[in-house]
Structure formats: structure tokens, C-alpha cells
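Here is what each chain is made of, one letter per residue.
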Amino acid sequence: MLGIAHQRILLALFKEGKPTHVRKLMEVAGIQYNIRYHIEVLQRLDLVDVKEDGYPRRKVITLTEKGMRVAKLLYEIESLLKSPCATPPTPCSSRGGGP
């Protein structure tokens, strides 16, 4: 199960659409603490790849194919929840009964 921070990282990478440095990812995802831990968890789940880039060495994070699929689904859920048509069911309609 993915936590909120993991979901935010995946969505940030998806929206960026390119390999992203850890510091930029922290800014875009709005995560201030423990980002390395969250990235390690996502890496173990085969959702992200981590590579060292240039000098000074900086870690660059990219979505794997599996990560891209998961992030796309998260993005679709986020979009659906933000759409004006997304209204919660009324108590009567959720029970199947009438007024």
C-alpha cells in the first residue's frame, strides 16, 4: 500500500514528465522530510529508478514503466475527484432507496 508521501512523489514525477533531481522533487511534491526513505520504498516496489548525475553527484529520480502506470492511475483519480461532476452520493441514493 502506498502512503500519501509516496503518492505525491509519483504524481510529481508524472507531472514533471522527465527525470528529476531529489531537491526539485522535494519542492514539487511538497515533502520536506524523509524523502530518501520514501524514494527507497518506491525503488523496492520497482516504481522508480535512482541514478547519480554529474558532479557534484546528484540523485536523479525517474519513473519505471510500472511506476508510470501507477502514477497515471493516481493522476486520473486526482482529476476525477477535482472535476465539478464529482459529487458525493446522497444517503438515499447510496442505499438504493427513494426519498
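Residues numbered from 1 in each chain as written. Predicted model: local features only at pLDDT ≥ 70, side-chain atom pairs only at ≥ 80, totals over all residues. Heavy atoms only, no water.

Moving on: the sheet that holds strand 2 (residues 48-53). Pairing is antiparallel in the open sheet, where three strands are placed in the order 1-3-2. At either end of the open sheet lies a strand with only one pairing partner, and these are strand 1 (20-21) and strand 2. When strand 2 meets strand 3 (residues 58-63), the two strands line up antiparallel, connected through six bridges. Each bridged residue has a counterpart across the sheet, and for Lys51 the counterpart in strand 3 is Val60. Across the sheet, helix 3 (residues 35-44) touches strand 2 and strand 3, and the angle it forms with strand 2 is around 120°. (Pairing = 2+ DSSP bridges. Helix = DSSP H or I, 4+ residues; strand = E, 2+ residues; numbered from the N terminus. Contact = heavy atoms within 4.5 Å. Axes fitted to C-alpha atoms, helices over the stretch in contact; angles between N-to-C directions.)

With that out of the way, let us pick up the pairing of strand 3. Where strand 1 lies against strand 3, two bridges are found, and the strand directions are antiparallel. The partner of Thr20 across the bridge, within strand 3, is Ile61. In sequence, strand 2 turns back onto strand 3 through a hairpin of four residues, with Gly54 there showing a positive phi of about 60°.

The topology assignment puts Thr20 in strand 1. A polar side-chain atom of Thr20 sits 2.9 Å from the main-chain carbonyl oxygen of Lys18. (Polar contact = N/O pair within 3.5 Å; in protein donor to acceptor, adjacent residues only side chain to side chain.)

What follows covers the pattern of salt bridges. Where charged atoms from two side chains of opposite charge come close, those side chains can pair. For the structure shown, the criterion picks out three salt bridges. Residue Lys15 pairs with Glu78 through a salt bridge whose shortest N-O separation is 3.0 Å. Taken together, the positions of Lys15 in helix 1 (residues 4-16) and Glu78 in helix 4 (residues 65-82) put the pair 63 residues apart, joining distant regions of the chain. Where Glu78 meets Lys82, a salt bridge forms, and the shortest distance between an N and an O atom there is 4.0 Å. (Salt bridge = Lys/Arg side-chain N within 4 Å of Asp/Glu carboxyl O.)

Right, let's talk about the environment of Ile61 for a bit. Assignment of secondary structure puts Ile61 in strand 3. In this structure the C-alpha to C-alpha distance between Ile61 and His21, which are 40 residues apart in sequence, comes to 6.2 Å.

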